[in-house]
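# Residue-level structural notes
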Amino acid sequence: VDAPLAVLSERPQSLFRYFKQQFAQVTNPPIDPIREAVVMSMTSSVGGEGNLLDETPRQCRMVQLKHPVLTNDDVARLRRSVPADFHACTLAMRFARPPHDDPRTAGSRLREALDTLCREARAAVTSGASLLILSDRDVGPGHVPIPSLLGLGAVHHYLIRTGLRMKVGIVVESAEPCEVSHLALLVGYGAGAVNPYLAMETVADLARSG
């Protein structure tokens, strides 16, 4: 179905829709981690990488994931069942709902929430966190989720500017991504792994209902 570009649409659009793939790349051999497992891997490692100019055993202290798309159980294990020196910290991607959903104050509240999220990320890293889980699960009538791509991009670049990015891995736990392109954008913007929990729960519900 033809639809206007997000930037030209008069309706609210997901941030993901502002990105378009403008080419198709043909590879030889094909990029297929199932049929071409010998030459293609979806393995992702998350954690603090340290100084890229050094080669020390400490740089190997990362968690290796078989796939960058995580189930709910995978995220629960990251939170609980990791080595003692590998600390995961969950940060809420949300901002306070404006009174009467007033769009005039929504922008300022979102900006303040992004600033708070970045400061919390910096505090977590300086306190020894090896993994940040950016989550929009903790929302309700009084709070609105920060768009996952916006929250991730803000934290990623803030940590780069403060010289802390290589000390921590980032996982996004969000209900927003539901397409392959959404996952690709999140990984491209700095996520080591993504848990699209609403999509996972939707598929599970469809399976249960036949």
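Read on for an overview of the structure.

Calculation criteria
- Residues numbered from 1 in each chain as written.
- Predicted model: local features only at pLDDT ≥ 70, side-chain atom pairs only at ≥ 80, totals over all residues.
- Heavy atoms only, no water.
- Core = buried A, V, L, I, M, F, W, Y, C linked by side-chain atoms within 4.5 Å.
- Buried < 20%, exposed > 50% of the residue type's maximum accessible area, 1.4 Å probe, protein only.
- Helix = DSSP H or I, 4+ residues; strand = E, 2+ residues; numbered from the N terminus.
- Contact = heavy atoms within 4.5 Å.
- Phe/Tyr/Trp six-rings, centres within 6.5 Å; stacked < 30°, edge-to-face > 60°.
- Lys NZ or Arg CZ within 6 Å of the ring centre and 35° of its normal.
- Polar contact = N/O pair within 3.5 Å; in protein donor to acceptor, adjacent residues only side chain to side chain.
- Pairing = 2+ DSSP bridges.
- Axes fitted to C-alpha atoms, helices over the stretch in contact; angles between N-to-C directions.

## As for the nonpolar core
The biggest cluster of nonpolar side chains holds 31 residues, and the ones touching the most others in it are Leu132, Leu134, Ile146, Val155, Leu159 and Leu186. When residues of this core are traced back to their parent elements, those giving at least two are strand 3 (87-92), helix 2 (103-126), strand 5 (129-135), helix 3 (148-161), strand 7 (169-174) and helix 4 (180-188). If you tally residues by element for this core, the top one is helix 2, at eight residues. Setting aside residues no more than four positions away along its own chain, leucine 132 makes contact with Cys89, Leu91, Ala121, Ala124, Val125, Val155, Leu159, Val168, Gly169, Ile170 and Val171.

## Overview of the packing of aromatic side chains
A complete count under the given rule lists one aromatic pair for this structure. On the numbers, 5.8 Å between centres and 80 degrees between planes, the contact of phenylalanine 19 with tyrosine 189 is edge-to-face. Placement of phenylalanine 19 in the segment before strand 1 (44-46) and of tyrosine 189 in the loop between helix 4 and strand 8 (193-196) is noted, with a sequence separation of 170 residues between them. Among the residues examined, phenylalanine 19 registers a relative accessible area of 34% and is labelled partly exposed. Classification of tyrosine 189 as partly exposed rests on a relative accessible area of 32%. The ring centre of tyrosine 197 lies 3.9 Å from the NZ or CZ of arginine 137, which sits over that ring.

## Some thoughts on the side chain of serine 174
Mapped onto the elements, serine 174 comes out in strand 7. Judged by relative accessible area, which is 0%, serine 174 ranks as buried. Within the structure, the side chain of serine 174 is placed 2.7 Å from the side chain of aspartate 136, a separation counted as a polar contact. The residues contacting serine 174, other than those within four sequence positions of it, are Asp136, Ser148, Asn195, Pro196, Tyr197 and Leu198.

## Examining the sheet that holds strand 7
Ordered in space as 3-5-7-8, the four strands form an open sheet in which the pairing is parallel. Only two strands of the sheet have a single partner each, and these edge strands are strand 3 and strand 8. When strand polarity is set aside, the average angle formed by the axes of neighbouring strands in this sheet is 20 degrees. Note that strand 3 and strand 5 share six bridges and pair parallel. Each bridged residue has a counterpart across the sheet, and for threonine 90 the counterpart in strand 5 is isoleucine 133. On the sheet, helix 3 packs against strand 5 and strand 7 and is oriented at approximately 165 degrees with respect to strand 7. Seen against the sheet, helix 5 (residues 197-208) touches strand 7 and strand 8 and runs at an angle of roughly 50 degrees to strand 8.

Shape is all these values report; function is a separate question.
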